[in-house]
Structure formats: C-alpha cells, structure tokens
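# Breakdown of the fold
Listed below are the residues making up each chain.
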Amino acid sequence: MTKTLFIFLISLLITLPVSVDAQRSIKTGLPLISAHRGASRLAPENTCASFVGAIEAGADFVEIDVRTTSDGQQVIVHDNSLKRTTGLNALVSETDYTTIRSLSAGSWFGKDFSEEKVPTLEEICILLNSENKRMGRHVKLYVDCKAIDPSKVVSLLKKYELIDSAVFYGDVETLGKIKEHFEPARLMPSFPGINEADGVIKKIKPYAFDVAYDKLDERTVAFIHGNGVKVFSDLLGNDDRPDAYRKAVEYGIDLIQSDDVDAVRRIYKDFQTHAK
C-alpha cells in the first residue's frame, strides 16, 4: 500500500458517519440505558410525565408497551386490563379510545398526576421528538409489542422519523410481521438459549436478544456477540440493584433496562472514575 493510499483511507474513516449507538460505545464503553415504562419510580408508568422524566434523567431509550384498542388506536398500556392503572375493570382490546381517554392514568400513583392520560403511540412520538430537540439528544424508542397493529406502528414511527433507531421487542411471529412492513427494523426477541438461537437468527435476523438477567454469563454473551447480535437485559424487580448493574457491565452487554436510570448512571460514574 502506498503512503498516499494509506493517508486517503485514514481520512475516509475519520469522515465516515458514526451511528448513534457506536458514538455512545466509543464515548463510554458502557451499556446503553433503557427506562422501563419511563421514569416509573418518579411518575406513573407509561405516561407523558414518566417519559419526560426518563429523558431528563439521561436514558438512551424509553420503553413503551403498545396495545390496540377496540377501535384500532395504538395506546401505551402495559397490562391487557385497564384496572391497575386507570381503575376501569375492562380489557384494552375491548374498550374504545374515547373511553380510555376519559380515564386518569396517574391517580393511582399520586394526586399530583391525576391529569395524566393513557397516551397514544402518536402522542409519544410527538413528545419524543419535542424533548429530543429541547434536550439536544436522540433518545430512542424501545417498543414492547404487547398487542399491536404492525402496519400502524410502523407507519407512525416512519411518519415521525423514529423507525430507524427504534428497537422492537416481542414474539417471533409479531416481529416477523413488523419486518414485512419495514425490512430493516431492529428486532429483539427473547433469547431462546444457545441450542435454539441459530433458528431464530436465520428466521428474523435479530438486532438484539433480550436475555434474562439470571441467564447472563460470559459464554452466552460471547455466543450472541459472535453472531453479530447485541445483548439487552432487563434488570428489574429484585435485579434492579447496583451489584447487578456492575455484573452486567462486566459481562459486556449492550443495554441495561431499569426502573431507576439515576441509579445505573451512578454506577457508571464509578466505572468511569476507576478507568481514569
């Protein structure tokens, strides 16, 4: 290789655009952080207040649970029933959006949140774009496909230019339907184990696997990374604690999902301090 060609190649690499995920990895070498149902320890889960809180806390992704109402609206609700978060003892799939919109999605959490409503996916897209502009960041959507209309979900994320950075979690059948509507979609099924993973990889070419924290080990992470797939893991409930965050970092996973973004970031500061 001539000196001129070498210099040209180096300059080309320097000027090539770097993906958002790659920028984060180069900057810190630490897993990305997803806020589970938003900042759900500070505000009622899956509400606008919760998502704004998560963005302000520094989350890289906000996780949303998407379901379909009886009249086809894509709304953000975790449970198949509305009872726990709105008080109405009815299924989302059997309730029209006008009725759902009349309910409080925050009173159960505290009187200060009584005006919070069950948001639509479109409202969250608008909110995310607005907050990203305000904060000068690019927070992404982690879409938990509970009971979605794939064509509507893809259409909305395309409309608001969030489709390329979103990650879709769900069963293999649902993820396959998303891929039919948007072939480059970043899909994430649950990790089925090393023996069955090859079949899933061949079928839908996942962007990532969701690996249960109690299933994480160096061999599993190495196997998944060796297939060019990322490793995401939920550290929730009893696993949402500092020693678990540290272990996940040591395994080299790509994303930690938590109910406490601030707690994860504090552990990251420890890693960065010790690395200096």
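Residues numbered from 1 in each chain as written. Predicted model: local features only at pLDDT ≥ 70, side-chain atom pairs only at ≥ 80, totals over all residues. Heavy atoms only, no water.

### Looking at the packing of helix α8 (residues 172-181) against helix α9 (residues 194-204)
Spelled out, the test is: The axes are straight lines fitted to the C-alpha atoms, using for helices just the contacting stretch, and the angles between their N-to-C directions are given from 0 to 180°. Helix and strand definitions here come from DSSP, where helices need a minimum of 4 consecutive H or I residues and strands a minimum of 2 consecutive E residues; each element is numbered from the N-terminal end. Throughout this description, any angle smaller than 35 degrees is read as roughly parallel, any larger than 145 degrees as roughly antiparallel, any in the 65 to 115 degree range as roughly perpendicular, and the remainder as oblique. The handedness criterion is simple: a crossing whose near helix is rotated anticlockwise from the far helix by less than a right angle is left-handed, and one whose near helix is rotated clockwise is right-handed. Whether two residues are in contact is decided by their heavy atoms: any pair within 4.5 Å suffices. Side-chain classes are defined by residue name, with Ala, Val, Leu, Ile, Met, Phe, Trp, Tyr, Cys and Pro counting as nonpolar, Asp, Glu, Lys and Arg as charged, and the others, Gly among them, as polar.
Running from N to C, α8 and α9 cross one another at 25°; their axes reach a closest spacing of 10 Å. The angle between the axes of α8 and α9 places the two elements in the roughly parallel class. As for the relative orientation of α8 and α9, their crossing is right-handed in sense. For the pair α8 and α9, the contacting residues are Val 172, Leu 175, Gly 176 and Lys 179 in the first and Val 200, Lys 203 and Ile 204 in the second. Among the residues making up the contact of α8 with α9, the classes are represented as 4 nonpolar, 1 polar and 2 charged.

### Considerations on the nonpolar core
Going by this rule: Definition of nonpolar core: a set of buried residues of the types Ala, Val, Leu, Ile, Met, Phe, Trp, Tyr and Cys, connected through side-chain atoms within 4.5 Å. Accessibility here uses a 1.4 Å probe with only protein chains present; expressed as a share of the type maximum, an area under 20% marks a residue as buried, one over 50% as exposed, and anything in between as partly exposed.
With 62 residues, the main nonpolar core has Ile 64, Leu 141, Leu 157, Phe 168, Ile 178, Phe 209 and Ile 256 as its most contacted residues. Among the nonpolar cores identified, the runner-up in size contains 10 residues, and Leu 32, Tyr 169, Tyr 207 and Phe 232 belong to it.

### A few points about the pairing of strand β2 (residues 61-68)
So the rule is basically this: At least two bridges found by DSSP between two strands are what make those strands a pair.
A large share of β2 lies buried, amounting to 8 of its 8 residues. Along β2, one buried face is formed by Phe 61, Glu 63, Asp 65 and Arg 67 and the opposite face, lined by Val 62, Ile 64, Val 66 and Thr 68, is buried too. Judged from the 2 bridges that link them, strand β1 (residues 32-35) and β2 form a sheet pairing that is parallel. Looking at the pairing, Ala 35 lines up with Val 62 of β2. Bridge count between β2 and strand β4 (residues 140-147): 7 bridges; the pairing is parallel. Note that in β4 the partner of Asp 65 across the bridge is Asp 144. Inspection of the sheet shows β2 paired to strand β3 (residues 74-76) by 3 bridges, in the antiparallel sense. Residue pairing across strands places Arg 67 opposite Val 75, the latter belonging to β3. Connecting β2 to the antiparallel partner β3 that follows it, the hairpin turn spans 5 residues, and Gly 72 within it adopts a positive phi of roughly 90°.

### What to know about unusual backbone geometry
Among all residues save glycine, negative phi is the norm, and among peptide bonds the norm is trans. Phi at Arg 37 takes a positive value of approximately 60°, unusual for a residue other than glycine. The buried category is assigned to Arg 37, whose relative accessible area is 14%. Positive phi outside glycine occurs at Asn 46, with the angle close to 55°. Looking at Asn 46, the relative accessible area reads 3%, which means it is buried.

### Examining the pattern of salt bridges
Formally: When a carboxyl oxygen of Asp or Glu lies within 4 Å of a side-chain nitrogen of Lys or Arg, that pair is called a salt bridge.
In this structure the tally under the stated criterion is 16 salt bridges. A salt bridge links Arg 84 to Asp 79; the shortest N-O distance between them is 2.7 Å. Assessed through its relative accessible area of 38%, Arg 84 is described here as partly exposed. Asp 243 is the partner of Arg 241 in a salt bridge, and the nearest nitrogen-oxygen pair spans 2.7 Å. Looking at Arg 241, the relative accessible area reads 29%, which means it is partly exposed. Taken together, the shared-partner salt bridges connect Arg 37, Glu 45, Asp 79 and Arg 84 into one network.

### What to know about helix α11 (residues 242-251)
Short version of the rule: Here the arc refers to the set of directions running from the helix axis out to each C-beta atom.
Taken residue by residue, α11 has Ala 244, Tyr 245, Ala 248 and Val 249 as its buried positions. The arc that holds every buried residue of α11, seen down its axis, measures 140°, which confines them to one face. In the stretch just after α11, Gly 252 is the one whose phi turns positive, near 80°.

### Brief notes about the packing of aromatic side chains
Note the threshold: Aromatic rings from Phe, Tyr and Trp, with only the six-membered ring used for Trp, were paired whenever their centres fell within 6.5 Å, and each pair was classed as stacked if the ring planes differed by under 30 degrees, edge-to-face if by over 60, and tilted otherwise.
One pass over the structure, following the stated rule, counts 7 aromatic pairs. When the centroid spacing of 6.4 Å and the interplanar angle of 35° are considered together, the rings of Tyr 142 and Phe 232 count as tilted. Residue Tyr 142 is found in strand β4, and its partner Phe 232 is found in strand β8 (residues 230-234); the two are separated by 90 residues along the sequence. Like Tyr 142, the residue Phe 232 is buried in the burial classification.

### Observations concerning the environment of Thr 47
Checked against the element boundaries, Thr 47 lands in the loop between β1 and α3 (48-57). With relative accessibility at 0%, the residue Thr 47 sits in the buried group. Here the alpha-carbon distance between Thr 47 and Glu 116, two residues 69 residues apart in the chain, equals 6.5 Å. Setting aside anything within four residues of it in sequence, one finds Thr 47 in contact with Ala 105, Glu 116, Lys 117 and Pro 119.

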